[in-house]
Amino acid sequence: MAELSDRMKRLIQPHLAGIEPYDPNFTPTEVNLSANENTYELPAGVRAAVDEALAATPLNRYPDPLSDELRDELAAWHGVSREMICVGNGGDELLYNFLLAFGGAGRTLLTCPPDFSEYAFFASLAQTSVERIWRDEHTFELKRDELLAAAARADLVILTSPNNPTGDVVPPALARAVCQACPGLVMIDEAYGEFADAGASCAALLEECDNLVVLHTLSKAFGAAGIRCGYVMAAPDVIEVFGAVRQIYSVNVLTQAVALAAVRARDAFAPVIEQVRSERARLFAGLQELAAACTPEGTVWAGQGNFLLVRLPQASRVRQRLRDEHSILVRDFSYAPGLADCLRITVGTPEENDRLLAALRAELGQ
């Protein structure tokens with residue numbers, strides 16, 4: 001975003017004068033592996049169910065303000081009550097509402113970067129200060145002792161599992177310890193949770209940790225980034241606050257219809273998720289081979305999301321060459337602190353992954 005005009009600087013809230021919007025750095029290409037979308041098409045049966053649901057949805061009435069039918073389906077799936085779920089216009093709305101409701105002037109959010117940049121951005125909108133406990137610079141593992149000490153003085157904590165962009169998970173035992181240490185609320189962002197190993201989710205802790213909030217989305221594993229639908233699970237009194245601060249009718253009728261059809265057909269996504277996991281392992285092996293030939297600069301981190309983080313020499317140039325010469329888009333994180341020469345690469349279809357690896361071999365002279 002260009003610098004604000006002098007007139008806007010006088011009119012905008014002072015704490016927003018230097019605000020910059022989220023920039024996905026998107027360029028149209030034949031292969032887009034930059035946004036961690038699920039690049040697989042919806043399973044045929046799910047697509048048919050979605051089309052039928054859309055055709056049957058009237059557009060002249062406001063949507064169910066709380067998405068109760070969808071909440072009931074999600075509750076049955078996760079084994080919780082409807083009162084423990086709030087549906088939002090993508091996970092981003094719920095993240096913002098979390099900071100809006102429970103942050104604010106004089107309060108502190110604790111994060112562990114490198115992580116999703118929107119946490120700090122939403123905190124700035126809500127005038128919430130941010131304390132950062134940086135991950136290990138080599139492994140990107142969380143620093144347990146420093147994290148727990150900081151959690152004890154924080155009002156809010158957000159941890160991502162699997163973490164974007166590093167791919168590591170938060171062990172449930174550590175999440176429990178953070179909840180016990182923090183006097184406020186702890187959010188575990190599990191946007192990529194369906195791609196992680198069994199037992200990685202922290203949702204099972206909801207019964208014992210009444211200050212835990214678990215965030216999920218349909219944008220990733222369910223291949224529905226375009227409908228913008230996410231949800232949080234938490235204690236009923238926490239969910240009441242989410243319901244109170246939300247924008248009116250924020251989840252439209254078409255989104256509710258598609259989301260309900262997709263969640264009801266959730267078993268049909270299991271083969272797709274398993275193929276992504278299988279392709280992740282294959283892509284990791286290919287990137288590891290490429291990175292090993294670029295020592296000492298080259299590194300690839302094993303992650304549990306639908307993406308991998310790799311460090312290559314002159315990563316920004318490699319990203320540009322992939323885009324301009326091979327029509328492949330990946331995400332350049334070289335600008336981010338602690339991520340020098342790092343690219344984040346979405347796990348695509350076998351054909352997309354083959355094309356990416358061939359392009360990287362050509363650019364790296366291998």
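This write-up is about the structure you can find in this document. Bear in mind the structure is a predicted one, so any value in this text is a computation, not a measurement.

1. Describing the pattern of salt bridges
Logical step 1: Under the defined criterion, the tally for this structure stands at 19 salt bridges.
Logical step 2: Residue Asp-68 is joined to Arg-71 by a salt bridge in which the shortest nitrogen-to-oxygen separation is 2.7 Å. Note that Asp-68 and Arg-71 are positioned in helix α3 (residues 68-78) at a spacing of three residues, about one turn of the helix.
Logical step 3: Judged by relative accessible area, Arg-71 falls into the buried class, the value being 9%.
Logical step 4: A salt bridge links Arg-228 to Asp-92; its shortest N-O distance comes to 2.9 Å. Within this pair, whereas Arg-228 is found in the loop between β7 (212-217) and β8 (230-233), its partner Asp-92 is found in helix α4 (residues 90-102), the two being separated by 136 residues in sequence.
Logical step 5: Arg-228 sits in the partly exposed class, given a relative accessible area of 28%.
Logical step 6: Judged by its relative accessible area of 29%, Asp-92 falls in the partly exposed class.
Logical step 7: One network of salt bridges, with partners in common, ties together Asp-68, Arg-71, Asp-72 and Arg-82.

2. Description of the sheet that holds β8
Logical step 1: As summarised here, the arrangement of the seven strands in space is β2-β8-β7-β6-β5-β3-β4, forming an open sheet in which the pairing is mixed. Edge positions in the sheet fall to β2 (85-88) and β4 (129-132), since each of these pairs with one other strand and no more. For this sheet, the mean angle separating the axes of adjacent strands, direction not counted, is 20°.
Logical step 2: Taken together, the five bridges between strand β5 (residues 156-160) and strand β6 (residues 185-189) define a ladder with parallel strand orientation. Its bridge partner being in β6, Leu-159 is matched across the sheet by Ile-188.

3. Comments concerning α3
Logical step 1: Within the span of α3, buried status applies to Asp-68, Leu-70, Arg-71, Glu-73, Leu-74 and Ala-75.
Logical step 2: In this fold, the buried residues of α3 make contact with β2, β8, α8 (236-245) and α9 (253-264).
Logical step 3: Looking one or two residues beyond α3, the residue adopting positive phi is Gly-79, at roughly 70°.

4. Quick look at the environment of Val-46
Logical step 1: As for its position among the elements, Val-46 is in helix α2 (residues 44-55).
Logical step 2: For Val-46, a relative accessible area of 1% corresponds to the buried category.
Logical step 3: In this structure the C-alpha to C-alpha distance between Val-46 and Val-263, which are 217 residues apart in sequence, comes to 9.5 Å.
Logical step 4: Discounting residues that sit within four places of it in the chain, Val-46 has contacts with Ala-262, Ala-265, Ala-268 and Phe-269.

5. Some thoughts on the sheet that holds strand β12 (residues 331-332)
Logical step 1: Spatially, the four strands line up as an open sheet ordered β9-β10-β13-β12, and their pairing is antiparallel. Here the strands that pair on one side only, and so sit at the sheet edges, are β9 (299-301) and β12.
Logical step 2: Direction of pairing for β12 relative to strand β13 (residues 342-346): antiparallel, over a ladder of two bridges. Opposite Asp-332, over in β13, you have Leu-343 as the bridge partner.

6. Some remarks on the packing of α4 against α8
A pair of packed helices is captured by two measures, namely the crossing angle of their axes and the spacing between those axes.
Logical step 1: Between α4 and α8, the shortest axis-to-axis distance is 10 Å and the interhelical angle comes to 100°. Here α4 lies roughly perpendicular to α8, going by the angle between them. Side by side, α4 and α8 meet where Leu-94, Asn-97, Phe-98, Leu-100, Ala-101 and Phe-102 of the first sit next to Val-238, Val-241, Phe-242 and Val-245 of the second.
Logical step 2: Each residue belonging to the contact of α4 with α8 can be placed in one class, and the counts come to nine nonpolar, one polar and no charged.

7. So, a nonpolar patch on the surface
Logical step 1: Side chains of Tyr-62, Ile-248 and Tyr-249 sit close together on the surface and give an oily, nonpolar patch of about 400 Å² of accessible area.
Logical step 2: Within the element layout of this structure, Ile-248 appears in the loop between α8 and α9.

8. Structural notes on a negative patch on the surface
Logical step 1: The grouping of Glu-83, Asp-210, Asp-237 and Glu-240 at the surface amounts to a negative patch.
Logical step 2: Here Glu-83 is to be found in the loop between α3 and β2.
Logical step 3: The partly exposed category is assigned to Glu-83, whose relative accessible area is 44%.

9. Considering the packing of helix α11 (residues 315-326) against helix α12 (residues 350-363)
Logical step 1: Relative orientation of the contacting elements α11 and α12 amounts to 115°, with a least axis distance of 10 Å. Our classification of the angle between α11 and α12 gives roughly perpendicular. For α11 against α12, the interelement crossing comes out right-handed. Residues Val-318, Arg-321, Leu-322, Glu-325 and His-326 of α11 pack against Arg-355, Leu-356, Ala-359, Leu-360, Ala-362 and Glu-363 of α12.

Definitions and limits used
- Sequence order sets the numbering: in each chain, residues are counted from 1 along the sequence as written.
- A pLDDT threshold of at least 70 governs which residues receive local features in this predicted model, and a stricter bar of 80 or more applies before side-chain atom pairs are shown or counted, although totals over entire chains, interfaces and linings include all residues.
- Working from all heavy atoms in the structure, the side-chain values ignore hydrogens and water.
- For salt bridges, the criterion is a side-chain nitrogen of Lys or Arg within 4 Å of an Asp or Glu carboxyl oxygen.
- Helix numbering and strand numbering both begin at the N terminus, where a helix is a DSSP run of H or I of at least 4 residues and a strand a DSSP run of E of at least 2.
- Accessibility here uses a 1.4 Å probe with only protein chains present; expressed as a share of the type maximum, an area under 20% marks a residue as buried, one over 50% as exposed, and anything in between as partly exposed.
- If DSSP finds at least two bridges between two strands, the strands pair.
- Note on geometry: axes are C-alpha line fits, over the in-contact stretch for helices, and angles between N-to-C directions span 0 to 180 degrees.
- By definition, residues are in contact when any of their heavy atoms lie within 4.5 Å.
- Relative orientations are named as follows: roughly parallel for angles under 35 degrees, roughly antiparallel for angles over 145 degrees, roughly perpendicular for angles from 65 to 115 degrees, and oblique for any other angle.
- Side-chain classes follow a simple rule in which Ala, Val, Leu, Ile, Met, Phe, Trp, Tyr, Cys and Pro form the nonpolar group, Asp, Glu, Lys and Arg form the charged group, and the remainder, Gly included, forms the polar group.
- Here the term patch refers to residues with relative accessible area over 30% and no salt bridge, with like charges joined within 9 Å and nonpolar side chains (Val, Leu, Ile, Met, Phe, Trp, Tyr) within 5 Å.
- Using the Shrake-Rupley algorithm and a 1.4 Å probe, accessible areas are obtained, with residue cover drawn only from the displayed protein chains.
- The charge count treats Lys and Arg as positive and Asp and Glu as negative. His and the chain ends do not count.
- One atom stands in for each charge, and that atom is NZ of Lys, CZ of Arg, CG of Asp or CD of Glu.
- Here a crossing is taken to be left-handed if its near helix is turned anticlockwise relative to the far helix by less than a right angle, and right-handed if that turn runs clockwise.

Read these as spatial facts, not as claims about activity.
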